[in-house]
Amino acid sequence: QVQVVESGGGLVQAGGSLRLSCAASVHGIIFSINDMAWYRQAPGKQRELAARITRDGSTDYADSVKGRFTISRDYAKNTVYLEMNSLRPEDTAVYYCSTHLYWSGGLSDYWGQGTQVTVSS
């Protein structure tokens, strides 16, 4: 069984900051975690990639968040973070964490339940 748990969402004014966290845990042994990523889905829109970090630490970002968001990871804690600065109302969405996990139960992508981020104008 795999658990992917996000935290850190909330309500913030435009221009403010939030930090999201996502921790992966299993009932078993984790051999490796490859890509970890944050996706977001705004009301009435498709889910989109916000930021991704690979196993070797390479990152890529959606154009809309470049220069404002920073993704990082703690390998020892199997955790990925998303530091969001200069938030805009259009950043309002449910943010989902995704991990590509290789563990004693198999290899697959796993998703969290999502955390709401609301940016008021």
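In short, a report on the structure. Remember, it's a predicted structure, so these values are computed and weren't measured experimentally.

1. Remarks on the pattern of salt bridges
Any two side chains of opposite charge can pair, given that their charged atoms come close.
Alright, step 1. By the definition in use, this model includes six salt bridges.
Alright, step 2. Note that Arg68 and Asp91 form a salt bridge whose closest N and O atoms lie 2.8 Å from each other. Of this pair, Arg68 sits in the loop between β6 (59-61) and β7 (69-74) while Asp91 sits in the loop between β8 (79-84) and β9 (93-103), and the two are 23 residues apart along the sequence.
Alright, step 3. Note on Arg68: relative accessible area 8%, which makes it buried.

2. Focus on the state of the cysteines
Simply put, disulfide is the name for a covalent bond between the sulfur atoms of two cysteines.
Alright, step 1. The final tally for this structure, using the stated rule, is one disulfide.
Alright, step 2. With a sulfur-sulfur separation of 2.1 Å, Cys22 is cross-linked through a disulfide to Cys97. Measuring the twist about the S-S bond at about -80 degrees, one finds the Cys22-Cys97 disulfide to be left-handed. With Cys22 in strand β3 (residues 18-26) and Cys97 in strand β9, this pair connects stretches of sequence that are 75 residues apart.

Thresholds applied
- The numbers attached to residues start from 1 for each chain and follow its sequence in the written order.
- The predicted origin of the model limits local features to residues at a pLDDT of at least 70 and limits the giving and counting of side-chain atom pairs to 80 or more, whereas totals for whole chains, interfaces and linings rest on all residues.
- Calculated side-chain values reflect all of the structure's heavy atoms, with hydrogen atoms and water omitted.
- For this document, the term salt bridge refers to a Lys or Arg side-chain nitrogen within 4 Å of an Asp or Glu carboxyl oxygen.
- Per the convention used, a helix needs a DSSP run of H or I reaching at least four residues, while a strand needs a run of E reaching at least two, with both numbered from the N terminus.
- Note on classification: 1.4 Å probe, protein chains only; a residue is buried when its accessible area is under 20% of the maximum for its type, exposed when over 50%, partly exposed between these limits.
- Here, two cysteine sulfur atoms that lie within 2.5 Å of each other are counted as a disulfide.

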